[in-house]
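# What the coordinates show
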Amino acid sequence: MDSDPSQIPVVPIPFEHGLTHFAQSLTRGRAKIVAIGSSTTAGHGNIEAYPERLKSFLQTEYPKVEIAMVNKGIGGQEAPIELQRFDADVIAEKPDLVIWQVGTNAVWQSPDQNPPSFNETTGAIRDGLVKLREETQASAILMDLQYVPAVLTPAKKDKAIAMVEAISKLARDADVSVFRRFAFMKDLFGVEQVSFDRMVDPADEHRLHDSDWATHRVAWAMKLAIVDGVDKARSSVAVPSRPSQAS
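Residues numbered from 1 in each chain as written. Predicted model: local features only at pLDDT ≥ 70, side-chain atom pairs only at ≥ 80, totals over all residues. Heavy atoms only, no water.

## What to know about the sheet that holds strand β3 (residues 97-101)
Reading across from one edge, β2-β1-β3-β4-β5 is the order of the 5 strands in this open sheet, with parallel pairing throughout. Since the sheet does not close on itself, it has two edges, and those belong to β2 (66-73) and β5 (177-179), each with one partner. On average, each strand axis in the sheet is tilted by 20 degrees relative to the strand beside it, whichever way the strands run. Of the strands in this sheet, β1 (30-37), β2, β3 and β4 (139-143) are in contact with helix α3 (residues 50-61), which crosses β2 at around 170 degrees. (Pairing = 2+ DSSP bridges. Helix = DSSP H or I, 4+ residues; strand = E, 2+ residues; numbered from the N terminus. Axes fitted to C-alpha atoms, helices over the stretch in contact; angles between N-to-C directions. Contact = heavy atoms within 4.5 Å.)

Written out as structure tokens, the structure is:
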């Protein structure tokens with residue numbers, strides 16, 4: 001699924017599901033987001049990671065709400081190891097929204113780094129989504145891969161596309177939303193004609209990590225998608241749009 005190529009600047013593909021619990025937490029006047037993942041979440045080099053930027057954007061969007069962002073990213077990790085951290089790093093935080101950035105390292109890491117297999121990765125994502133559904137009330141978002149040269153080489157591109165498709169199917173089966181970063185960044189490259197030199201951190205010799213500019217655009221796009229998901233939830237269940245007086 002691609003976004004409308006006539007839209008410049010490009011915008012994210014809307015979530016398929018409303019963010020019901022997160023919308024309710026905004027109405028109460030207090031919301032907690034847990035971001036879990038690898039280096040995209042933890043941050044790389046001197047570039048501020050997306051969670052902190054996203055919090056700022058959402059705080060501006062919802063100025064009467066106290067928004068907390070808990071960053072549980074650890075560089076180099078992938079879904080099976082992240083799943084082992086769920087009890088302490090996600091469930092115990094009692095989040096209203098969980099953003100799980102996943103899938104890149106299983107595609108990109110070389111064999112000597114012992115990355116999990118494709119099936120191990122997708123199995124862990126499936127189990128993690130079940131755990132979130134059964135042990136939290138949180139709204140959940142999966143974030144798929146970045147569209148960058150490191151995962152677009154002849155040896156990796158097919159696996160990257162397969163992972164993007166698998167993440168989409170896993171989310172669909174679990175009735176959760178996907179922030180389709182791969183498609184969004186692909187449109188930055190193909191529609192807006194933004195070069196990889198601008199999209200990739202110039203200090204990253206692997207051509208894997210997003211630049212400061214791209215991180216900003218991704219965080220802004222995530223904010224747009226989340227706001228749309230909140231609006232979708234409110235329109236479907238008539239959640240009030242303002243915090244209650246008691247909050």
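## Here we look at the pairing of β1
Across the 8 residues that make up β1, a large majority, 6, are buried. Bridging between β1 and β2 involves 8 bridges; their strand directions are parallel. Within β2, the residue paired with Lys32 across the bridge is Ala68. As paired elements, β1 and β3 share 4 bridges and run parallel to each other. Residue pairing in the sheet places Ala35 in a bridge with Ile99 of β3. (Buried < 20%, exposed > 50% of the residue type's maximum accessible area, 1.4 Å probe, protein only.)

## Re the environment of Leu152
Of note, Leu152 is situated in the loop between β4 and α8 (157-174). Separated by 28 residues in sequence, Leu152 and Ala124 place their C-alpha atoms 24 Å apart. In this view, Leu152 contacts Tyr147, Lys157, Phe182 and Phe196; residues no more than four positions away in its chain are not counted.

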